[in-house]
Amino acid sequence: MSGTETLAGRVAPLREHPRLALVAGVVGIDVGLKLAGVWSPLPGGPLGVERLVTLLWNGLVIGLGVGLAGIGLSMTYSILRFANFAHGDYVTTGAFAGWACAWVVAAAGSGQLAGNVGGSLALGRAPDAPSAADLSVSVFGSPLAVVVGLVVAAVGTVVLTLAVDRTVFKPMRDAGGIPLLIASIGVALVIRYLIVFVYGGSSRGLTAEQTRLIVGGVDGRIALVTSRRTLREAQDGAVPVDAFYVELPVVDLGSYSAEVVAVSSAEFGLVVLALGLMYALHVTLQRTKLGTAMRATADNKDLARVTGIPTERVVRATWVIGGGLAGASGYLIALERGTLGFQLGWLLLLLIFAAVILGGIGSIYGAMVGGVLIGFTQSLAVVWIPSSFATAAAFAAMILVLVFRPEGIYGGVSTA
Amino acid sequence: MSDDATAARAAAADAAADANADETGDVDARTGGPALEVEDLRKSFAGLVAVDGATFSVEQGSLTGLIGPNGAGKSTTFNCITGVHDVDGGTVRFFGEDVTGLRTNRVAERGLVRTFQIARELEEMTVLENLMLAPGDQRGETLAQAVLPGFRDAVRDRERALREEVWETLELFEIDHLADEQAGNLSGGQRKLLELSRALLTDPDMLLLDEPFAGVNPTLEEKLLDRIHALQRERGLTFLLVEHDMDLIMNHCEHVIVMHQGQVLAEGPPEAVRDDEQVIDAYLGEEI
Amino acid sequence: MSDGPGALDGVRRRWDAAATRVFGNDPLLVAAVMLGIYVLFTAMTLVGPSGGDLGAIVSNLQAVTFWTALYAMMALALNLHWGYTGLFNIGVAGFMAVGVYAFAALTVPPSASPPGLGLPLVVGIAGGMLAAAFVGVLTALPALRLRADYLAIVTVALSEIIRRSLLSPELEEFTLFSNLGFVPDVTLGSGAGRGINMPTNPSIPVKSVLYTDPGNPAAGGRTVVGKAVLGAAESAGVRETVVSQFAYTLVLVAVVVLFYWLLVRVGNSPFGRVLKAIREDELVANSLGKDTRVFKIKVFALGCALMGLGGILWEAQRGFTDASVTTFRPLQTFYIFVALIIGGAGSNTGSVLGGALFAGLLFQGPLFVRRIVAHLLNLGDPPSTFVGAAAGLFSLELGGFLAYTVNNISELRFVFLGLVLIYLMQRRPTGLLGHRKEAAASVDLMERPGGESDE
Ligand SMILES: Nc1ncnc2c1ncn2[C@@H]1O[C@H](COP(=O)(O)OP(=O)(O)O)[C@@H](O)[C@H]1O
Ligand SMILES: [Mg+2]
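Only a predicted model underlies this, so the values are computations on that prediction, with no experimental measurement involved.

(A) Looking closely at the overall build of chain C. Along the backbone of chain C there are 17 helices and four strands. Against the 2.2 N^0.38 benchmark of 23 Å for 455 residues, chain C shows a C-alpha radius of gyration of 25 Å, consistent with a compact globule. Taking the principal axes of the C-alpha coordinates as reference, chain C spans close to 75 × 70 × 60 Å. Split into buried and exposed, the 455 residues of chain C put 55% on the buried side. Within chain C, counting contacts between residues at least 6 apart in sequence, those at least 24 apart form 69% of the total. Summing over all exposed atoms, chain C offers an accessible surface of approximately 18800 Å²; the carbon and sulfur share of this is 66%. One finds the centroid of the 31 positive side-chain charges in chain C at a distance of 4 Å from the centroid of its 29 negative side-chain charges.

(B) Region of the structure containing the packing of aromatic side chains. One pass over the full model with this rule turns up 35 aromatic pairs over all chains. Between Phe41 of chain C and Phe368 of chain C, the aromatic rings sit 5.0 Å apart at their centres with planes inclined by 75°, giving edge-to-face as the arrangement. You can see Phe41 of chain C sitting in helix α2 (residues 26-47) and its partner Phe368 of chain C sitting in helix α14 (residues 348-376), a full 327 residues away along the chain. Here Phe41 of chain C matches Phe368 of chain C in class, with each residue buried. In textbook terms, an aromatic cluster arises when at least three aromatic residues are bridged by ring pairs, as seen for Tyr193 and Phe342 of chain A together with Phe66, Trp67, Tyr71, Trp314, Tyr335, Phe358, Phe363 and Phe414 of chain C. The ring of Phe116 of chain B carries Arg114 of chain B above its face, with NZ or CZ at 4.0 Å from the centroid. The aromatic ring of Tyr150 of chain C is capped on one face by Arg147 of chain C, whose charged end is 4.3 Å from the ring centroid.

(C) Fine view of the arrangement of the chains. The pair of protein chains exhibiting the most contacts, out of two pairs of chains in contact, is chains B and C. Looking at chain A next to chain B, you find no contact at all, with the nearest C-alpha pair sitting 11 Å apart.

(D) Layout of the coordination of the magnesium ion (ligand 2). All names here are of chain B. Protein-derived coordination of the magnesium ion (ligand 2) comes from Ser75 (OG) and Gln117 (OE1), at a distance range of 2.1 Å. Placement of the pair is Ser75 in helix α3 (residues 74-81) and Gln117 in the loop between β6 (112-114) and α5 (127-132), with a sequence separation of 42 residues. With a relative accessible area of 22%, Ser75 lands in the partly exposed category.

(E) Main features of the pattern of salt bridges. Residues and elements named next belong to chain C. Under the criterion given, the structure shown has 36 salt bridges over all chains. Among the salt bridges present, the one from Glu160 reaches Arg164, with a minimum N-O distance of 3.5 Å. Of this pair, Glu160 and Arg164 both sit in helix α6 (residues 148-166), four residues apart, roughly one helical turn. Glu282 is the partner of Lys296 in a salt bridge, and the nearest nitrogen-oxygen pair spans 3.1 Å.

Cut-off values and rules
- Residues numbered from 1 in each chain as written.
- Chains lettered and ligands numbered in written order.
- Predicted model: local features only at pLDDT ≥ 70, side-chain atom pairs only at ≥ 80, totals over all residues.
- Heavy atoms only, no water.
- Helix = DSSP H or I, 4+ residues; strand = E, 2+ residues; numbered from the N terminus.
- Rg over C-alpha atoms; globule rule 2.2 N^0.38 Å.
- Buried < 20%, exposed > 50% of the residue type's maximum accessible area, 1.4 Å probe, protein only.
- Contact = heavy atoms within 4.5 Å.
- Areas by Shrake-Rupley, 256 points an atom, 1.4 Å probe, with all protein chains shown as cover.
- Lys, Arg positive; Asp, Glu negative; His and termini not counted.
- Charge placed at Lys NZ, Arg CZ, Asp CG, Glu CD.
- Phe/Tyr/Trp six-rings, centres within 6.5 Å; stacked < 30°, edge-to-face > 60°.
- Lys NZ or Arg CZ within 6 Å of the ring centre and 35° of its normal.
- Donors = N, O, S within 2.8 Å, 3.2 Å for Na, K, Ca; no water.
- Salt bridge = Lys/Arg side-chain N within 4 Å of Asp/Glu carboxyl O.

Structural data, given as C-alpha cells:
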C-alpha cells in the first residue's frame, strides 16, 4: 500500500537533519548492542529478539490507533488554527457510540435482544443487562457486529463534531487560537461528563476472550499456532494433530525454540482496519480536489476564499473526515483493549498531540507516521527506562520536537 | 517643494557636520565613517527573494531616503537590519560594529531603533503607557526593584522624571489630548505618531522610519520634519526614511537610496537619483 | 464645577459618587460578592436537611471561604502568567505538585516511610517555592520562544510527566549519594501510589494556637486560646474541627491578600509595563530594546513559585497526599483557568472574584442543590443507571429521571463548567473585569508636569 511508499520517501528528513539522524543512529546502535548482549553505554540490560519483536508489535498497534486519531486533530489544527482539546473526547464518543451499536447487533445476533435494547445500548450499565461475557463480541466471532459498530462509531462522531462546530466553533471563526483552545476545553468537559452521566464513571469489559495467533520458533523453524500449549508440544517434538499449526517456509534458524510474539484477534483487527481506513483516506484525497483545497485553506484562508475555494465546505469536510477517523480510532482502540471508560480519549489526547506534532501539524501522512513513531517511543522506551516512565518518555519526545523542531520531522511541508 | 525646506536641509547637513566636529558625548565617540553599512544583504521567503544582495551605507547625522516601488524589499531590509528576520547572507554594521544576526533588542540597545510600516501600537495600553515603555534601562525594570520596598521611592522618582519627558513628547506630537486613550482606539495617523514618538523616546542614535507620515496631516508632517532636522542638528541623530512622497524626499533628504526587486538600483543626491534612467524605468507605471 | 442649580443634581451627583465608591472600590466589590455568596449559602443551608442549625451554617460558610481563598490564590498566580504576560501556562497542577513534593522531601521526618529530611516548616515552604520556580525556569528557558498554543501543550505535557513520574514505583523510595563515600546517604521518596504523610504541614502552626499537641488534637489538651475559642464555639453548636479549619482559612485569606499586594506591586511598575507589552506585542517590546526573554523567565519563575506555595497550602495541609489526586491533574489547571476567566484575565480583583464565583457557584453550590432537592422533594431512591432513569421518561414518570439527574449533579457540574467556558469565550472573553484598565506605572501618569506632586 502507498503508506509504505510514503514512509520510504520520507527517510529524507534524516539526511537533512543531522540531529534527528544522530538520535536515530544512537538508538539503533544501542538496540544492536543490547540484542548482541554486549555492554552498552546507555541504561537497560540485554534485549532478546522476542522482546524486541513484541515491543515493536505493541508499538505499532498503539501507534496506528493514535495515528488514526491524530489525522483529524492535525487537519483541524492547520485549517482552523487551534489546538482542539476536545479531540480526545471525540475519540471517546466514537468508542461509546460504536460499541453500544456493536452490542445491540451482537445481542440481536445471539437472540438476546428482547428486553435488552437499553441494556445493550448502555453497554451493560442497566439492571439485568447482558454482560460482555454473555454477548461474547469478537472480531472473528461476530464480525458483523464489529463492522457495524465501526461504521456507527465514525458516523456518530461526525454528527457530534458537526454539531459542535456549528454551535461552538463556527461563531468563533475569527477568534484567535487561544480563545478557541479554551472553548474546546469547555467542549471536552461537556462531552466527557455527559458520557459519565449516561454511562457512569467506571469502565467496563467490552469483548469476549480473544483468539490469538502466536509466532514461535520450533527447532529452528518458524511456526504459527493459536495456543501456547501447541507451541510447547511442538517444541517438545510432538507435532500436534488436531490443533492449528503452520510452519513458515523460512530459513533454518538452527535450534531456535521460543515464543516470539502473540497477536490477538483484536490487535489484528485494529491494525487491519486502521491501515484500511488510512488507505481509503489516501485514495480519497488523491482522487478528489479535496486534498488540494484543504492544503490551500491551511496555507492561507483568505487567499483560498478569494480564489473561490469554499472554505466553509472545506472546514466541514475536515470535520467529517477528522471526526469520523477520531471516532473510528476510539472504537478500534477500545476493541484492542477490550475495556472502555469515559477517560479513554482524554488520556490519549496528549499522545495524539505528540503524534501530530512529531509528524508536523497539518500533515495527514505525518500524523500517521507520527502516531507509529510515538507508539514505538512509548513501547520501546522500556528497553532503556522503567516502564512507569514510558508515557512520560513519549511526552518528552513531543516537547523536544516542539522546542527544537516545531514544524515536525517533515519540516513543515503540508502533505495534504 | 519649497526653497525653505531645501535651505533647512542644507542647514541640517551643516549642523550635523558641526555636531560631529564639536559636540561631546556618544556622538563624539562615533565620529568618522557611516552610521550604518549594509553589505550584500540577502533574504528570501520560501523561494521568494525579497532582498537580493542589497548594499548601501548611511552617513552619520544624515537624513537618508530609502525609496522603491511596493515590494522592493524596503521593509524586509529594515527587518533584517533589526534582527526581526534571520538574514540568509550579508552583513550589517552599525558604527563599524557588526550587528548582523543580533537579536532585535540588542540592536535597539545599541541605539538603532525602528518603526513599523503598519504601526504596532500596544493596543490595550494607554498612549502614556506606550510611551513610558520606551526609555531604556529604567529603574524598576528588574523584578527586585519593582517589588522590594527599598527601591520603591527611587523607582517613583525616576518615573516622575520620565513622565515629564513623555508629556513633552506628547505635546510636541500634538497627541497630548489622547494621553489616557487606549492605543487601540487611535486613528491610523495617530498610531504613526505614537510609533515615531515612542521610538524617539528610546534615545536612539539612528532611527529607521518605515513610512512614518502615512495618514499624518501635512502641517504636522512639516513640524515633525523640522523636529527631525533639529535632532540631526542638535543630537547628531541619523535617519533612514522609507517614504513614497517624492516631494518630501527631494526636499528633505541629503541622500537617497533606490531599491528595486531586492537590490539597490541607484544611490546618490536626490536630484541625481530623480533623473536616473533606471530609476525611472523601475517606477514606470508608478507615479513619481 | 460650579454649584449645581437644582437640588436634584446634587443628589444625583452624590448618588453617582457613592456608586463609584462601592463599585470602583475593589475591596468593597469583593466584600459585596462574598456577602452575596454567604447569604446564598446560608439560605441553602436553611432550606436544606440541616435546617437552622448554626453549626451547619458556620461549617458551610467556612468551607466556601476556604475554597474561594484557594482558587483566588491560584487564579492570582496564573494571572501573573497569563493575564499580565500572556504566557499560556496550562501546567499549573504540575508546578503545584513540584511545590508539594519538594516540601514533603524537606519536612517529612527521616524515620517516616517514605522518608524526608525532617527540616522545619519554613524551610519546607521556601524550598517548595524554590523548587517550583526552578522547574519553571527549566521549562521557560526552551519553551518561552514558542507560540502560545505550543507553550500550552508543552506545559500540560510537562505537568503530566511530573505527575506520572511521582506515581512511578521507581521513585517510591530512593537513596541519593550512595556511591559518594564522603557524602552521607540521603533517602527520599514520593511514596508513589501509596502516598506520602506530611506530619509537618502548614495547618500545624494554626492548630498550635488552639491545641497543645497540634499534630494530634484529640490526644493533647487545649491552649488558653483554644479553651476560650473552642468553648465558645461548642456552646454555639459549632464543631471543633470547623474552628481549626476556620482558623486555617483565615491564614489562606491573608495569603490571598499578600498575593494580591505582590501582583499589584509587580504590575504597577516599569517591570509590569514590560510584561503588559509582551502580552500585547512582544516584537514591539524587543524593538524598544527590552530583552523580553529575561522578563519572561523571571515572571515565569515568580508565578511558578506562587503556584508551588499555593500547592503546599492547598494539598500539604491535609497532612497526606498522593499524586493521583485531582489537585495534580490537568483538570485542576482547567478549574483554575475557569476561575481566572470568569473574573477576567489581567485583573487582580477579577481573579479574586473569579475564585469566589467558581468556588461558590460552580464548585460547591451544585452539591447543595442535590441535598436540598433530596430534602424538599420526596423523589425516592434514584435509579442507579441512566437506562433505569430514562425508562421512566417513556412512561411519563419524570420523578425517576429527576432523581437520577439530581443524584448525578456532581458530574453534571462539569458539563455546566464546560458550558460556562464556551459561553465566556463566545460572548465575554474578558470575563467580569478583564476589560478594565489596570495601571502600569508606580505613579499617576495623567498628572501633567508643572503641577503639584502626586502625594
Ligand atoms: N514575512 C514574509 N513572508 C513572506 N513574504 C514576505 C514577508 N515579508 C515580505 N515578504 C515579501 O517580500 C517582498 C518584499 O516585501 P517588502 O519588504 O515588504 O517590500 P516593501 O517594503 O519594499 O514594499 C514582497 O514580495 C513581500 O510579499
Ligand atoms: Mg514596506
